[in-house]
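# Structural description and commentary
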Amino acid sequence: MIKSCLILETKLTTKRVFPFYAKMIIGRQSTNNIPLPDRTVSNRHAVVGRVKGQTVVKDLGSRNGTFVNGQKVEKAILASGDRLKVGSVTLRFFQEDQTSQGKDVESTTTSVQRLGKCLVEAGIVDEMTLLGALAEEEKIQTIDHMLIGLGLLDDDNIAKALARQLRFSFISLKEREIPQQVISLVPAEVAKTHVIVPVELAGGKLLVAMADPLDSSAIQVLRMATGMSIEVVVASRQDILEAIVRYYPVAFLDQVLDGASDLDNEVTVDMEY
């Protein structure tokens, strides 16, 4: 789940929202986490990372310097809403309210609205588009949902950013066939509860696709359920959910039936033909 991101306010590239999890290199090179094709930006201009729970930006010896809210810095702590300037390019840092830890629905909604305001101010979306997205309250429950709903990111973008920053491998499950003997190693209830799917067995280790590779409780449950060493790769949440439907059809049917309305209360309408 996205808690922080950098918003590219300068109209420079098509992609203008970059999820932030652990460490991002900003610079002109196309291999950077945030590639900025601008001559005033150095190849490796600055790095943004997590240090003891805080978000810190550090200049990497750039030619034109790194600025936070107009002040030139070598290293600085970023707060939500701060503007970061590298060369002549401006980005804005956004972070969800940390006091709520993302558990309070009202505070999460407020964070979504604050991010929406940043996107409007950056000219990435217009106010009417944003209001239309926020009106769908049952769908817009998290920052991820809003960014996906606005077409600014997709599940694969989010999963790839997470994998790269946390140094996990990324895998797409769309075209992959998983042997039934591998699927049978993980109980359906475990896969469904923790949103995970086993991928392959190699060298005595079970390779498992997860949307959240830092979910230590899920990894512990897997070790206990399988009695095996676990190696984690990252896949998009949507990919994993579709794989669970495909490979655990009975578990998916049970979930559908559990969520169904009480059939005894249904109203039957006789149709005449």
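A brief structural summary. (Residues numbered from 1 in each chain as written. Predicted model: local features only at pLDDT ≥ 70, side-chain atom pairs only at ≥ 80, totals over all residues. Heavy atoms only, no water.)

### A short note on the overall build of the protein
Note the cut-off: The secondary structure listing takes helices from DSSP runs of H or I that are at least 4 residues long and strands from runs of E that are at least 2 residues long, numbered from the N terminus. Relative accessibility decides the category of a residue: with a 1.4 Å probe and only protein chains considered, values under 20% of the type maximum give buried, values over 50% give exposed, and everything between is partly exposed. Contacts between residues were defined by any pair of non-hydrogen atoms, one from each residue, lying within 4.5 Å. Every accessible area reported is derived by Shrake-Rupley at a probe size of 1.4 Å, with residue values counting cover from the shown protein chains alone.
Check the secondary structure of the protein and you find 9 helices and 14 strands. In the protein, which comprises 273 residues, the proportion classed as buried is 43%. Considering only residue pairs separated by 6 or more positions, the protein has 50% of its internal contacts joining residues 24 or more positions apart. Accessible surface, the protein: about 15,300 Å² in total, of which carbon and sulfur atoms supply 50%.

### Remarks on the pairing of strand β9 (residues 75–78)
The line we're drawing: A pair of strands is labelled paired if DSSP reports no fewer than 2 bridges between them.
Burial of the side chains of β9 is restricted to one face: Ala76 and Leu78 are buried, whereas none of Lys75 and Ile77 on the reverse face is. As defined by bridge partners, strand β6 (residues 54–59) adjoins β9 across 4 bridges and the pair is classed as antiparallel. Its bridge partner being in β9, Val57 is matched across the sheet by Ala76.

### Structural notes on helix α7 (residues 216–226)
Under the convention used in this document: Arc, as used here, means the arc of the directions from the helix axis to the C-beta atoms.
Burial in α7 covers these residues: Ala218, Ile219, Leu222 and Thr226. Considered in projection along α7, the buried side chains sweep an arc of 100° and stay on one side of the axis. In α7, the exposed residues that point more than 90 degrees away from the buried face are Ser216 and Met224. Where the residues of α7 are buried, they touch α6 (188–194), β12 (196–202), β13 (205–210) and β14 (229–234).

### Digging into the packing of aromatic side chains
Rules: What counts as a ring pair is set by centres within 6.5 Å for rings of Phe, Tyr and Trp (its six-membered ring), and what kind of pair is set by the plane angle: stacked under 30 degrees, edge-to-face over 60, tilted for all other angles.
Applying the stated criterion across every chain, the model contains 1 aromatic pair. Between the aromatic rings of Phe20 and Phe93, the centroid separation amounts to 6.4 Å while the plane-to-plane angle is 75°, which identifies the pairing as edge-to-face. Placement of the pair is Phe20 in strand β2 (residues 17–20) and Phe93 in strand β11 (residues 89–95), with a sequence separation of 73 residues. In this structure, Phe20 and Phe93 share a single accessibility class: buried.

### Considering the sheet that holds β14
The test is simple: Think of each axis as a best-fit line through the C-alpha atoms, taken over the contacting stretch in the case of a helix, with angles from 0 to 180 degrees between the N-to-C directions.
Within the open sheet, the 3 strands sit side by side as β12-β13-β14. Their pairing is mixed. Here the strands that pair on one side only, and so sit at the sheet edges, are β12 and β14. Across the sheet, the mean angle separating the axes of adjacent strands is 30° when strand polarity is ignored. Bridging between β12 and β13 involves 6 bridges; their strand directions are antiparallel. Pairing of Leu201 across the sheet is with Leu206, part of β13.

### Brief notes about the pattern of salt bridges
Rules: When a carboxyl oxygen of Asp or Glu lies within 4 Å of a side-chain nitrogen of Lys or Arg, that pair is called a salt bridge.
As enumerated under the stated definition, the model contains 7 salt bridges in all. The salt bridge partner of Arg92 is Glu121, with a shortest N-O separation of 2.4 Å. Note that Arg92 is positioned in strand β11 and Glu121 in helix α1 (residues 105–121), a separation of 29 residues in sequence. We classify Arg92 as buried; its relative accessible area is 12%. A relative accessible area of 42% means that Glu121 is categorised as partly exposed. Each member of the salt-bridge network shares a partner with another, and the members are Asp156, Lys174 and Asp239.

### Thoughts on the side chain of Asp82
Spelled out, the test is: All tallies of charge rest on Lys and Arg as positive and Asp and Glu as negative; His and the ends of each chain are not included. Counted as a polar contact is a pair of N or O atoms within 3.5 Å, where, for protein atoms, one must be capable of donating a hydrogen and the other of accepting one, and residues adjacent in sequence contribute only when both atoms are in side chains.
Along the chain, Asp82 falls in the loop between β9 and β10 (83–86). One buried charge, Asp82, has no salt-bridge partner; the nearest side chain with opposite charge is Arg92, at 7.8 Å. In terms of polar contacts, Asp82 uses its side chain to reach the side chain of Asn69, at 2.9 Å. A polar atom in the side chain of Asp82 sits 2.8 Å from the backbone nitrogen of Ala79. Apart from the residues lying within four places of it in its own chain, the contact partners of Asp82 are Val68, Asn69, Ile77, Leu91, Arg92 and Phe93.

### Topic: unusual backbone geometry
Even without being glycine, Lys52 reaches a positive phi, approximately 50°. Tracing the sequence through the fold places Lys52 in the loop between β5 (46–51) and β6. Classification of Lys52 as exposed rests on a relative accessible area of 84%. The residue Asn69 is not glycine, and still its phi comes out positive at about 50°. Looking at where Asn69 falls in the secondary structure, it is placed in the loop between β7 (66–68) and β8 (71–73). Given the relative accessible area of 47%, Asn69 is considered partly exposed.

This is a description of form; function is not addressed.
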